[in-house]
Amino acid sequence: VPLFQKTYMACHTSTGINGAFPDLSAVGKRRAAAYTRQPILDPNAFVVPGFPPSVMRQNFKKVLTPQQIGKIVAFLLTLKGQAIDEAAVKKGVKW
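The structure contained in this document is the topic of the report that follows. What you see is a predicted model, and the numbers here were worked out from it, not measured in a lab.

## Quick word on the packing of aromatic side chains
Then comes step 1: Applying the stated criterion across every chain, the model contains one aromatic pair.
Then comes step 2: Geometrically, the ring pair formed by Tyr35 and Phe46 is edge-to-face, given 5.5 Å between the ring centres and 65° between the ring planes. Here Tyr35 is found in helix α3 (residues 33-41), whereas its partner Phe46 is found in the loop between α3 and α4 (60-63), with 11 residues between them in sequence.
Then comes step 3: According to the relative accessible area criterion, Phe46 is partly exposed, its value standing at 39%.
Then comes step 4: The cationic tip of Arg31 hangs over the ring face of Tyr35; the distance from NZ or CZ to the ring centre is 4.4 Å.

## So, the environment of Thr78
Then comes step 1: You can see Thr78 is positioned in helix α5 (residues 66-78).
Then comes step 2: Taking the relative accessible area as the measure of exposure, Thr78 reaches 42% and is therefore partly exposed.
Then comes step 3: The sequence separation of Thr78 and Val27 amounts to 51 residues, and the corresponding C-alpha distance is 8.2 Å.

## Comments concerning α3
Then comes step 1: Considered for burial, the residues of α3 that qualify are Thr36, Pro39 and Ile40. Along the axis of α3, the buried residues cluster in a sector spanning 105°; they form a single face.
Then comes step 2: Structurally, α3 contributes buried residues whose contacts are with α2 (27-30), α4 and α5.

Calculation rules
- Residues numbered from 1 in each chain as written.
- Predicted model: local features only at pLDDT ≥ 70, side-chain atom pairs only at ≥ 80, totals over all residues.
- Heavy atoms only, no water.
- Phe/Tyr/Trp six-rings, centres within 6.5 Å; stacked < 30°, edge-to-face > 60°.
- Helix = DSSP H or I, 4+ residues; strand = E, 2+ residues; numbered from the N terminus.
- Buried < 20%, exposed > 50% of the residue type's maximum accessible area, 1.4 Å probe, protein only.
- Lys NZ or Arg CZ within 6 Å of the ring centre and 35° of its normal.
- Arc of directions from axis to C-beta.
- Contact = heavy atoms within 4.5 Å.

Laid out in structure tokens, this is it:
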């Protein structure tokens, strides 16, 4: 199972809000790498207005390696508002 599917798509979609999580489909257009990494390491450091705190998993820095976190950040920075082919991701396309 690709890392992307296990982390990002478990809670976020490319088309809007999935449950209690913000859409990140254009995060790479709006945010720098440090900002994108911070919520993974410390999810309550910045909570998007309108969303409750402590909803995002609090243990990513314990269960993911620095390399995995780097890959997630690198992927998120590629998201510039285009739709992600979620069906392709579920079939195992690596991002």
